[in-house]
Amino acid sequence: GRRLSLATAGLLLALAGCDSGFGQATARHLDAMGFQVFASVLDPQGPGAKELRRSCSPRLTLLQMDLTKPEDIQRVLQHIQAHTNSTGLWGLVNNAGFNDTIADAELSPLGKFRTCMEVNFFGSLELTKGLLPLLRSAGGRIVTVSSPAGDLPFPCLAAYGASKAALSLLMDTFRSELQPWGVKVSLVLPGYYKTGTTCDPAFWNLQKQRLVASLPRELLQAYGEDYVEEINRQFIQFMKVAVEDLSAVVNSITDGLLAANPAVRYYPGQGLGLMYFIHRYLPYFVRDLFLKGFFINPKLPRALRREHHDDAKKA
């Protein structure tokens, strides 16, 4: 009952990151509702883009954009500005996300932290800033898909989590700053869903091999190759419980765009209430134990294991 009137059916919406997962499902859903959707994809020839062309109406516009390339962002901004100058833009959905490293912060190359920040933080910041004049003129909405990993220190997700923490804080700041303009800003923090490459064990095995090959010798000796193997094994195991039905996330994004009073934060997915309860009200060590039990519980690094010390003594 909190929906806006249907007079808004001509509304223009821009969605970033529609190659797969939440972005693709949301673009299809909003297109089916009759909105005019600009959907950005990394690969216009990829399976995700083809699926959108096949399943959506001719109203949907596909735009190629790599969020690490300012010229791509500028091209998309110019296209959207040209088509929405008279009407303004009702909604922006920041959904593009990147992570390709599951490892301790010490084992994660600095470049991986940078790439996560480039896509998940700076890319969304640049796109949002570029579209703000249009969003302000429409008194529209910004809905950003962040992650509980930006609020809680998940083991082996520091690079991704740090970028999502920055993104969440940025959007909270935009929310208070844009209030006078009538622009409402919401965050969506989903649980674990099957999206894109995130559920392909072959992809993660390759990433693990690359990581091991790139590590300095002393570091690899301190932690042990089996340590990295075990993290990867547990992560692949964890992915098997990922939810395939994305509708809870699509509904949260849609509510953020269309409800008269959208929530500041949406938490679609199982187990998040318990996780945040533990985070807020119980001691840190309980939270850390819970996150290890829920997600990844690394074995002891090689240099700290008893058999390693025994071997060292014998030598």
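Here, the structure is the one placed above.
None of the values given here were measured: they were computed from a predicted structure.

Novice: Just to check I follow, could you spell out the pairing of strand S5 (residues 141-145) for this structure?
Specialist: Strand residues, when the strand is regular, have side chains that alternate between the two faces of the sheet. For S5, the tally of buried residues reaches five of five residues, placing the bulk of the element in the interior. Alternating residues of S5 divide into Arg141, Val143 and Val145 and Ile142 and Thr144, and every residue in both groups is buried. Pairing of strand S4 (residues 91-94) with S5 involves four bridges; the strand directions are parallel. Residue pairing in the sheet places valine 93 in a bridge with valine 143 of S5. In this sheet, strand S6 (residues 184-188) lies alongside S5 in parallel orientation, the contact comprising five bridges. Bridge pairing in S6 links valine 145 to valine 188.

Novice: What's the story with the packing of helix H1 (residues 21-32) against helix H2 (residues 47-55) in this structure? I'm lost.
Specialist: A pair of packed helices can be characterised by two numbers: the angle between their axes and the separation between those axes. H2 packs onto H1 with a crossing angle of 10° between their chain directions and a minimal axis gap of 10 Å. The angle between H1 and H2 places the two elements in the roughly parallel class. Residues Gln24, Ala27 and Arg28 of H1 form the contact with H2, whose participating residues are Gly48, Glu51, Leu52 and Ser55. Class assignment of the residues belonging to the contact of H1 with H2 gives a composition of two nonpolar, three polar and two charged.

Novice: In this structure, what is going on with the packing of aromatic side chains? I would like to understand it.
Specialist: When we look at a pair of aromatic rings, we describe it by the centre distance and by the angle of the planes. This model, assessed by the stated rule, comprises 13 aromatic pairs. Plain terms: the ring middles of phenylalanine 121 and phenylalanine 122 are 4.9 Å apart, the flat faces sit at 80° to each other, and that makes the pair edge-to-face. The exposure class assigned to phenylalanine 121 is buried, which follows from its relative accessible area of 13%. Judged by its relative accessible area of 40%, phenylalanine 122 falls in the partly exposed class. By the ring-pair criterion, three or more aromatic residues cluster together here, those being Phe154, Tyr192, Phe203, Trp204, Phe235, Phe238, Phe290, Phe294 and Phe295. Above the face of the tryptophan 181 ring, arginine 136 is positioned so that its terminal group lies 4.3 Å from the ring centre.

Each value, and the rule that gives it
- Residues numbered from 1 in each chain as written.
- Predicted model: local features only at pLDDT ≥ 70, side-chain atom pairs only at ≥ 80, totals over all residues.
- Heavy atoms only, no water.
- Buried < 20%, exposed > 50% of the residue type's maximum accessible area, 1.4 Å probe, protein only.
- Helix = DSSP H or I, 4+ residues; strand = E, 2+ residues; numbered from the N terminus.
- Pairing = 2+ DSSP bridges.
- Axes fitted to C-alpha atoms, helices over the stretch in contact; angles between N-to-C directions.
- Parallel < 35°, antiparallel > 145°, perpendicular 65-115°, else oblique.
- Contact = heavy atoms within 4.5 Å.
- Nonpolar A, V, L, I, M, F, W, Y, C, P; charged D, E, K, R; others polar.
- Phe/Tyr/Trp six-rings, centres within 6.5 Å; stacked < 30°, edge-to-face > 60°.
- Lys NZ or Arg CZ within 6 Å of the ring centre and 35° of its normal.

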